[in-house]
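Remarks on the overall topology
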Amino acid sequence: MSFKDDLMQDLDSSFFNENEFGEIVTLIRGGNSFQMKGLFDAPEVANESVGEVSAIAHAPRLFVRISDLPGSKPRKGDVFTLGSTPFHPAMKLTAIDFVSEKDGVVVYSLEESK
């Protein structure tokens, strides 16, 4: 087994495992929906300022495996729905940006959909 295979297996069994940190999310793209495992993070930072410098705004993020995306391609404008968990209510989020990491994970920066 290669290092990449070992890494993907570790991610799947720990971080993307819905019994550990992960959850099942639904991607809506082009009228189709796709279920996949994801890891949702919504950093909360107090709106504080020090002198004339304000705190940086932090957008919610969603981590998914690139291989789970249709065509293995992330897109700005992807819409994700998340079910209610003990950590957050059900919500619908739109991708405003993304970063494809070298480990096969895409990190989406999101905003709440209207």
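Refer to the structure above for everything that follows.
Criteria and cut-off values
- Residues numbered from 1 in each chain as written.
- Predicted model: local features only at pLDDT ≥ 70, side-chain atom pairs only at ≥ 80, totals over all residues.
- Heavy atoms only, no water.
- Salt bridge = Lys/Arg side-chain N within 4 Å of Asp/Glu carboxyl O.
- Helix = DSSP H or I, 4+ residues; strand = E, 2+ residues; numbered from the N terminus.
- Buried < 20%, exposed > 50% of the residue type's maximum accessible area, 1.4 Å probe, protein only.
- Pairing = 2+ DSSP bridges.
- Axes fitted to C-alpha atoms, helices over the stretch in contact; angles between N-to-C directions.

Digging into the pattern of salt bridges
Tallied over the full model, the rule gives four salt bridges. Notably, a salt bridge pairs Asp-78 with Arg-29, separated by 2.8 Å at the nearest N-O pair. Within this pair, whereas Asp-78 is found in the loop between β5 (61-65) and β6 (79-82), its partner Arg-29 is found in strand β1 (residues 23-29), the two being separated by 49 residues in sequence. Looking at Arg-29, the relative accessible area reads 10%, which means it is buried. Arg-65 is the partner of Asp-68 in a salt bridge, and the nearest nitrogen-oxygen pair spans 3.0 Å.

Overview of the sheet that holds β5
The sheet built from six strands closes into a barrel, its strands ordered β1-β2-β5-β8-β7-β6 with antiparallel pairing. The sheet shows a mean angle of 45° between the axes of neighbouring strands, direction not considered. Two elements, β6 and strand β7 (residues 91-100), share four bridges in a ladder whose sense is antiparallel. Each residue of the ladder has a partner; that of Thr-81, found in β7, is Lys-92.

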